[in-house]
Each structure stands twice: as structure tokens, then as C-alpha cells.
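Descriptive analysis of the structure
What follows is each chain in one-letter form.
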Amino acid sequence: QGTDRRMLARAALEAIGFSVKEIVERMSAAGVPLERIDVDGGLTRSDLLMQMQADMLGVELRRREKRPKGRVRQIHADAGNSLRLGLGDRRPGAA
């Protein structure tokens with residue numbers, strides 16, 4: 001009983017969820033708590049991912065009607081810049 005496609009797909013969605021959770025935790029540690037997240041893009045069509053994400057984050061996820069192109073890339077760039085500026089990992093013992 002090995003790993004099948006469904007298991008791999010679910011693992012990929014969980015990996016995405018945990019990556020986003022890490023970013024949200026870093027934002028919260030930097031004093032930017034979130035009560036709701038507006039989501040857009042192709043992955044928001046996955047009800048499973050959206051439910052996992054809401055459960056992991058403990059916040060409401062709201063799908064946007066319009067999906068502005070390039071917005072996800074900009075969010076990732078902004079998050080990366082914040083981490084490079086030292087606004088990110090404030091956990092005890094983190095470098």
C-alpha cells in the first residue's frame with residue numbers, strides 16, 4: 001500500500017497551507033495580526049485547500065470576486081522583503 005496520486009496531491013496542498021501559515025505567523029509576530037484574509041488566484045478554487053488554510057490559520061478566508069493578475073506574486077515579494085528587512089521571524093531562538 002504505497003502512495004497514490006490523491007495522497008501526493010493532498011500533501012502538496014498541505015505544504016502550501018503550512019507555507020502560508022508560516023508567513024502569517026511571522027506577520028503576526030511583527031505586529032501585523034490578521035482577522036481575515038482575502039484570497040484570489042487559481043488555488044482558491046480548491047475547497048479542500050481553503051478549508052485546510054482556514055483551519056490552520058484560525059481566520060476567515062474570503063474568496064474575491066475579481067482576481068487581479070500578479071497579486072499573489074506581489075504578496076510573496078512583499079513577504080520576502082519583510083523577512084529580509086528583519087520584520088519576520090521573531091520566535092525565540094530564531095536567527
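Going by the structure above, here's the rest.
Residues numbered from 1 in each chain as written. Predicted model: local features only at pLDDT ≥ 70, side-chain atom pairs only at ≥ 80, totals over all residues. Heavy atoms only, no water.

Turning next to the overall build of the protein. Along the protein, the regular secondary structure elements total 3 helices and 2 strands. Tracing the protein from N to C terminus, the helices and strands come up as α-β-α-β-α. When each of the 95 residues of the protein is scored for burial, the buried share is 20%. Pairs at least 24 residues apart make up 67% of the contacts formed inside the protein by residues separated by at least 6 positions. (Helix = DSSP H or I, 4+ residues; strand = E, 2+ residues; numbered from the N terminus. Buried < 20%, exposed > 50% of the residue type's maximum accessible area, 1.4 Å probe, protein only. Contact = heavy atoms within 4.5 Å.)

For Val39, the position within the fold is in strand β1 (residues 36-39). For Val39, a relative accessible area of 13% puts it in the buried group. Considered as a pair, Val39 and Arg63 are 24 residues apart in the sequence and their alpha carbons are 4.9 Å apart. Those residues within four positions of Val39 in sequence are excluded, and the remaining contacts are Thr44, Met50, Leu61, Arg62, Arg63 and Arg64.

A few words on the nonpolar core. General note: in soluble globular proteins, nonpolar side chains tend to be found buried as a group. Formed by Leu13, Val24, Ile37, Val39, Leu49, Met50, Met52, Leu57, Val59 and Leu61, the largest nonpolar core amounts to 10 residues. Contributing elements (two or more residues each) for this core: α1 (5-29), β1 and α2 (47-57). Top contributing element to this core by residue count: α2, with 4 residues. Those residues within four positions of Leu61 in sequence are excluded, and the remaining contacts are Ile37, Val39, Met50, Gln53 and Ala54. (Core = buried A, V, L, I, M, F, W, Y, C linked by side-chain atoms within 4.5 Å.)

What follows covers the pairing of strand β2 (residues 60-63). Sheet analysis places β1 next to β2, joined by 4 bridges and oriented parallel. When the bridges of β2 are listed, Arg36 appears paired with Glu60. The parallel pair β1 and β2, bridged by α2, forms a crossover whose chirality is right-handed. (Pairing = 2+ DSSP bridges. Right-handed = clockwise from strand over helix to strand, strands pointing away.)

Here the focus is the pattern of salt bridges. Under the criterion given, the structure shown has 7 salt bridges. A salt bridge links Arg62 to Asp38; its shortest N-O distance comes to 3.0 Å. Taken together, the residues Arg62 in strand β2 and Asp38 in strand β1 connect sequence positions 24 residues apart. For Asp47, the salt bridge identified is with Arg63, shortest N-O distance 2.7 Å. Here Asp47 is found in helix α2, whereas its partner Arg63 is found in strand β2, with 16 residues between them in sequence. Accessibility expressed as a relative area gives 54% for Asp47, which makes it exposed. Note on Arg63: relative accessible area 39%, which makes it partly exposed. If you follow the salt bridges from partner to partner, you end up with Arg36, Asp38 and Arg62 in one network. (Salt bridge = Lys/Arg side-chain N within 4 Å of Asp/Glu carboxyl O.)

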